[in-house]
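Listed here are the chains, written in short residue letters.
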Amino acid sequence: MAESRRRLRSSTVVLGGMGVLAAALTSCGSDPDRRCVDRDSYDYINGYKIVADKNCTSSGTTSSGSLGKGGKSRANADWYYDADVSNGYADYGTFSRSEAVDRGGFGCSGSGSSGG
């Protein structure tokens, strides 16, 4: 009888620990940190200029050269994943979402996506 209680306790601890681990892993989500950048604005020192999120579509890219409000051409904007961000520029990232996820970019340590 004492052995069955001991087994029950240890299995409860293991199952409880697994639940905590699962909750911690899923709370971060599977979306890597992303920034909307102008692909045509690359600067060797700074990287890509970050633009407002509205310039990027949720699926990934905007049509280059399309006319926005007032007949002005919109930026050639695209999502840039897992980049180092500094002073309104993003660098050392990737335009491939799947590559960002493969290299462990789950956005848990970053500040999330933001537009400019």
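Just above sits the structure.
Remember, predicted model here, so these are calculated numbers, not experimental data.

*Asks:* Honestly, the state of the cysteines in this entry has me stumped. Any pointers?
*Replies:* As used in these notes, a disulfide is a covalent bond between sulfur atoms, one from each of two cysteines. Under the defined criterion, the tally for this structure stands at 1 disulfide. Put simply, Cys36 and Cys56 are joined by a disulfide, and their sulfur atoms are 2.1 Å apart. Torsion about the S-S bond of the Cys36 and Cys56 cystine: about 95°, corresponding to right-handed handedness. Here the residue Cys36 occupies a position in strand 1 (residues 34–38), and Cys56 occupies one in the loop between strand 2 (48–49) and strand 3 (77–81), the gap between them amounting to 20 residues. Both residues of the pair, Cys36 and Cys56, belong to the buried class.

*Asks:* What's the story with the environment of Ala90 in this structure? I'm lost.
*Replies:* Counting through the fold element by element, Ala90 comes out in strand 5 (residues 89–91). The class for Ala90 is buried, based on a relative accessible area of 0%. In this structure, Ala90 is in contact with Val37, Asn46, Gly47, Tyr48, Ile50, Tyr80, Ala83, Asp84 and Val85, ignoring residues within four places of it in sequence.

*Asks:* Any chance you could explain the pairing of strand 3 here in plain terms?
*Replies:* Residues in a regular strand point their side chains to alternate faces of the sheet. Taken across its 5 residues, strand 3 has 5 buried, putting it largely inside the fold. On strand 3, burial covers both faces: Ala77, Trp79 and Tyr81 on one face and Asp78 and Tyr80 on the other are all buried. By the bridge criterion, 5 bridges tie strand 1 to strand 3 in an arrangement that is antiparallel. Each residue of the ladder has a partner; that of Arg34, found in strand 3, is Tyr81.

*Asks:* Explain unusual backbone geometry to me, please; I cannot follow it from the model alone.
*Replies:* Leaving glycine aside, a negative phi is the common case for residues, and trans is the common case for peptide bonds. Of note in this structure, Asp82 is not a glycine but carries a positive phi near 50°. Looking at where Asp82 falls in the secondary structure, it is placed in the loop between strand 3 and strand 4 (84–86). One non-glycine residue, Tyr92, adopts positive backbone phi at about 65°. In this structure, Tyr92 sits in the loop between strand 5 and helix 2 (97–102). Residue Tyr92 is classed as exposed on the basis of its relative accessible area, which comes to 63%.

Thresholds, definitions, all that
Residues numbered from 1 in each chain as written. Predicted model: local features only at pLDDT ≥ 70, side-chain atom pairs only at ≥ 80, totals over all residues. Heavy atoms only, no water. Disulfide = S-S within 2.5 Å. Helix = DSSP H or I, 4+ residues; strand = E, 2+ residues; numbered from the N terminus. Buried < 20%, exposed > 50% of the residue type's maximum accessible area, 1.4 Å probe, protein only. Contact = heavy atoms within 4.5 Å. Pairing = 2+ DSSP bridges.

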